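# Secondary and tertiary structure notes
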Amino acid sequence: MIGPKMALKIRQSKNYLRLVYFAPIVLIVCTVAILTSLSVRDTLRSLGDSYAESYSRIVLNVSMENKSALVAPQQCGFLQQVLRYEREILEMQIVSNNQIVCSSFGEVGTREIVDIETLGNESQIFQLAAMPMSKKDLSVAVINRRNLNGQEYYAVSLIDLDYLRASLGYRTDYRVSSSALFIGEDSAPYNTPRASGWFAYVAQTDIPQHQIQVIASNELIIEKTWFYSLAAIPGTLAVYIGFFFIRRHFIRNQGFHNEVKQAIRRKEFILHYQPQMDCNTGELSGVEALVRWMHPERGLIYPDVFIPVLEEFDLIDQLTDIVVERAISDFSSYSFSQPFHLGINFPPGYFVSSDKQRLLIEQAALLRERGIHLGLEITERQLLDSSAKSAIASLRQSGLEVLIDDFGTGQTSLAMLETTPIDYLKIDKCFVDSIGSQSATAPVLDAIISMAKGLDLNIITEGVEEQNQADYLVSRGVYIHQGYLYSKPVPFESLALPVK
Ligand code: C2E
Ligand code: CA
Ligand code: CA
């Protein structure tokens, strides 16, 4: 009975299991977020760097214009003519003796671009200067100086703000929400804070202390998020399809496992027996017990379907207990004058329990009293395990017969056969199938037969289906045959047992 505490635990564990379904979503959301951030950052970096490059070029060009103007600073008319269609420069002023002596605008002395008093000795100065219309509209003033005949001349040029903004992507590129120029502590637009974070980037220009900051627009972030989310759809689908199949497999297996478990509890297994003929005498020399599941709804189920599930869920020993019990009960009222062989398939690991060993020895002794020789059909795999091997050896010493099943298909080393005492080799059907298929002889089968004889082992051949196979085996001195030629596995009642 499942108590309320246990029920709660089961419910909780189911809830945890459900959480597993969200794991891929979390993983994919994180991956999309990371890829989006990296890609936005990358776009910002390339935009910022290209703006910085344009900025450096503009300042250099303006400085060149300044220098040209300083070649003949007194020729104001010529200067005005030259600069009339200049895109980069809004206004150029020639300053001498703390006075504006020429302006590209023509209205000399109306307004200073920079504070003339502060002009120093540096040959090239950059500073942020207020635009004529607003104090908050700042642009870059490029100043060059020249001494001509003992007279100081300054060319002071204000870069056209719209041109500068366009070159820095401000309001022109949808990917940038804002960009700003920093010269030391100052900034344009005025008082722009320095942004930090993943979606802001500061590019260094060729001029020391001049930096350009770009901040990603929401459109760019949304565009990248969509791109990576759409790209993640096939991957997400693949993960969930995988999940779906794993879950279905798990539920099916779990369901089947529960059914098999119940079948063991209810002992829904029956035995069929496949006769083993002695071709010398033409009589039945023994049988192999083969289990079947009598499913209440689906009918007879063959062992290949349920044995792997029983092995997976560690229920195979319980099935073997049922098989041994059934076989002993089927033969309980039979005695044989000639030794009668009863083969049962044992799973690896069954003999490790000393209780099971003892019980088998007792039951085998009782069967022997009635002429029935219990044979343990084991596979080659079991002989590799040293504890199983020693258990098998001690069972054999106590009078049980040991058969190596499916011989030739596993991993038995021939040396092992010499050192491991056994009674029978059951030669697998695949070797019997080779009879008459390619040539008149079956060389591997012949080699196995002569080796078994050399080691003084009895032989049973499995899967004999054709008369020519039986004849070939008899011609090689192999007399005990099991196969559809003689009989399929049948219910106990259908066996033609020699003596009752
Ligand atoms: P196995 O021990 O090699 O059993 C022989 C299998 O070959 C049986 O299949 C049998 O029906 C089949 N067979 C016999 N003669 C012929 C033939 O002439 N032609 C063909 N095509 N097949 C033939 P089955 O009964 O379906 O058993 C399959 C396997 O299931 C067995 O192979 C054995 O490994 C396992 N098994 C069966 N019963 C038990 C059991 O009680 N316990 C355990 N642990 N395993 C069992
Ligand atoms: Ca077998
Ligand atoms: Ca076999």
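Cut-off values and rules
- Residues numbered from 1 in each chain as written.
- Chains lettered and ligands numbered in written order.
- Predicted model: local features only at pLDDT ≥ 70, side-chain atom pairs only at ≥ 80, totals over all residues.
- Heavy atoms only, no water.
- Donors = N, O, S within 2.8 Å, 3.2 Å for Na, K, Ca; no water.
- Helix = DSSP H or I, 4+ residues; strand = E, 2+ residues; numbered from the N terminus.
- Buried < 20%, exposed > 50% of the residue type's maximum accessible area, 1.4 Å probe, protein only.
- Axes fitted to C-alpha atoms, helices over the stretch in contact; angles between N-to-C directions.
- Parallel < 35°, antiparallel > 145°, perpendicular 65-115°, else oblique.
- Left-handed = near helix turned anticlockwise from the far one by under 90°.
- Contact = heavy atoms within 4.5 Å.
- Nonpolar A, V, L, I, M, F, W, Y, C, P; charged D, E, K, R; others polar.
- Pairing = 2+ DSSP bridges.
- Domains from an automatic or database assignment.
- Arc of directions from axis to C-beta.
- Near = heavy atom within 4 Å.
- Polar contact = N/O pair within 3.5 Å; in protein donor to acceptor, adjacent residues only side chain to side chain.
- Areas by Shrake-Rupley, 256 points an atom, 1.4 Å probe, with all protein chains shown as cover.
- Phe/Tyr/Trp six-rings, centres within 6.5 Å; stacked < 30°, edge-to-face > 60°.
- Lys NZ or Arg CZ within 6 Å of the ring centre and 35° of its normal.
- Core = buried A, V, L, I, M, F, W, Y, C linked by side-chain atoms within 4.5 Å.
- Salt bridge = Lys/Arg side-chain N within 4 Å of Asp/Glu carboxyl O.
- Expected span 1.5 Å × (residues − 1).
- Bend = angle between axes of the 7 residues up to and from the residue.

## A word on the coordination of the calcium ion (ligand 2)
Distances from the calcium ion (ligand 2) to its protein donors, Glu288 (OE), Asn345 (OD1), Glu377 (OE) and Asp405 (OD), fall within 2.2 to 2.3 Å. Coordination of the calcium ion (ligand 2) draws on donor residues from a single chain, spaced E-x56-N-x31-E-x27-D in sequence. The distance between the calcium ion (ligand 2) and the calcium ion (ligand 3) is 3.9 Å, with Asp405 acting as a donor to both metals. Here Glu288, found in strand S11 (residues 283-295), pairs with Asp405, found in strand S15 (residues 401-407); they are 117 residues apart in sequence, far enough to count as distant. In this structure, Glu288 and Asp405 share a single accessibility class: buried.

## Let's talk about the packing of helix H6 (residues 316-330) against helix H7 (residues 354-368)
One can describe the packing of H6 onto H7 by two numbers: an axis separation of 12 Å at closest approach and a directional angle of 15°. When the axis of H6 is compared with that of H7, the two are roughly parallel. Crossing of H6 over H7 shows left-handed handedness. Here H6 contributes Asp317, Asp321, Val324 and Ile328 to the contact with H7, which in turn contributes Lys356, Leu360, Gln363 and Leu367. A class-by-class count of the residues in the contact of H6 with H7 yields four nonpolar, one polar and three charged.

## A look at the coordination of the calcium ion (ligand 3)
Coordination of the calcium ion (ligand 3) by the protein comes from Asp405 (OD), Asp406 (OD), Glu462 (OE) and Glu462 (OE), over a distance range of 2.2 to 2.5 Å. When the donors of the calcium ion (ligand 3) are listed by position in the chain, the intervening gaps give D-D-x55-E.

## Observations regarding the pairing of strand S9 (residues 210-216)
With six of seven residues buried, S9 lies mostly within the body of the structure. As judged from the seven bridges shared by strand S6 (residues 176-183) and S9, these two strands associate in the antiparallel manner. Pairing of Ile183 across the sheet is with His210, part of S9. Linking strand S8 (residues 200-204) to S9, which pair antiparallel, is a turn of five residues; within it Gln209 sits at a positive phi near 70°.

## Some remarks on the domain arrangement of the protein chain
Per the domain assignment, the segments of the protein chain are domain 1 (35-219) and domain 2 (260-494). Centre-to-centre, using C-alpha coordinates, domain 1 lies 97 Å away from domain 2.

## Re helix H5 (residues 303-312)
Spacing of three or four residues puts side chains on the same side of an α-helix, whose turn is 3.6 residues. Inspection of H5 places Pro303, Phe306, Val309 and Leu310 among the buried residues, and these make up the whole buried set. Burial along H5 is one-sided: seen end-on, the buried residues are contained in an arc of 145°. Along H5, the residues that are exposed and aim more than 90 degrees away from the buried face are Asp304 and Glu312. In this structure, the buried residues of H5 make contact with helix H4 (218-266), strand S10 (269-278), S11, strand S12 (299-301) and H6.

## Regarding the site of ligand 1
The local shell around ligand 1 holds 20 residues, among which Gln274, Arg292, Asp405, Glu465 and Tyr484 are the closest. One of the side-chain N or O atoms of Glu462 is found 3.5 Å from an oxygen atom in ligand 1. Here a nitrogen atom of ligand 1 sits 2.6 Å away from a polar atom, N or O, in the side chain of Glu465. Relative to its free-state accessible area of 790 Å², ligand 1 is covered by the protein chains to the extent of 80%. Those elements that provide at least two residues to the shell around ligand 1 are S11, H5 and S15.

## Looking at the packing of aromatic side chains
Summed over all chains, the structure comprises 19 aromatic pairs. An angle of 90° between the planes, with centres 5.0 Å apart, marks the rings of Phe227 and Tyr228 as edge-to-face. Ring centres of Phe256 and Trp293 lie 5.8 Å apart, and the angle between their planes is 50°; this geometry places the pair in the tilted category. Highlighted residues: Phe256 in helix H4 and Trp293 in strand S11, separated in sequence by 37 residues. Seen from the ring of Trp198, Arg41 lies directly overhead, with NZ or CZ sitting 5.4 Å from the centre.

## Side note on the sheet that holds S9
Sheet architecture is open: four strands sit in the order S7-S6-S9-S8, paired in antiparallel fashion. Lying at the two open borders of the sheet, with one neighbouring strand each, are strand S7 (186-188) and S8. Taken over all neighbouring pairs, the strand axes of this sheet differ in orientation by 25° on average, direction set aside. As defined by bridge partners, S8 adjoins S9 across five bridges and the pair is classed as antiparallel. Its bridge partner lying in S9, Val202 is registered against Gln213.

## Some points on the nonpolar core
Within the largest apolar cluster, 73 residues are counted, with the highest numbers of intra-cluster contacts made by Tyr273, Phe331, Phe351 and Leu425. Ranked by residues supplied to this core, first place goes to H6 with six residues. Residues within four places of Phe331 in sequence aside, it is in contact with Tyr273, Val287, Phe336, Phe340, Leu342, Arg370, Ile372, Phe492 and Leu497. Ranked by size, the runner-up nonpolar core spans 38 residues in total, among them Tyr51, Leu168, Ile183 and Leu220.

## Considerations on the pattern of salt bridges
Tallied over the entire structure, the rule returns 17 salt bridges. For Lys429, the salt bridge identified is with Asp433, shortest N-O distance 3.1 Å. In this pair, Lys429 and Asp433 both sit in helix H10 (residues 429-433), four residues apart, roughly one turn of the helix. Taking relative accessible area as the criterion, Lys429 reaches 31% and is therefore assigned partly exposed. You can call Asp433 partly exposed: its relative accessible area is 33%. One salt-bridge network, held together by shared partners, links Glu288, Glu377, Lys426 and Glu462.

## Some words on H4
The end-to-end C-alpha distance of H4 is 67 Å, a good match for the 72 Å that 49 residues give at a rise of 1.5 Å each. Maximum bend of H4: about 35°, positioned at Ile233, with proline Pro234 one to four residues after it. Among all positions in H4, only Leu220, Ile221, Lys224, Ala232, Thr236, Asn253, Phe256, His257, Val260, Ala263 and Ile264 are buried. Directly beyond the C-terminal end of H4, a positive phi value near 50° is found at Lys267.

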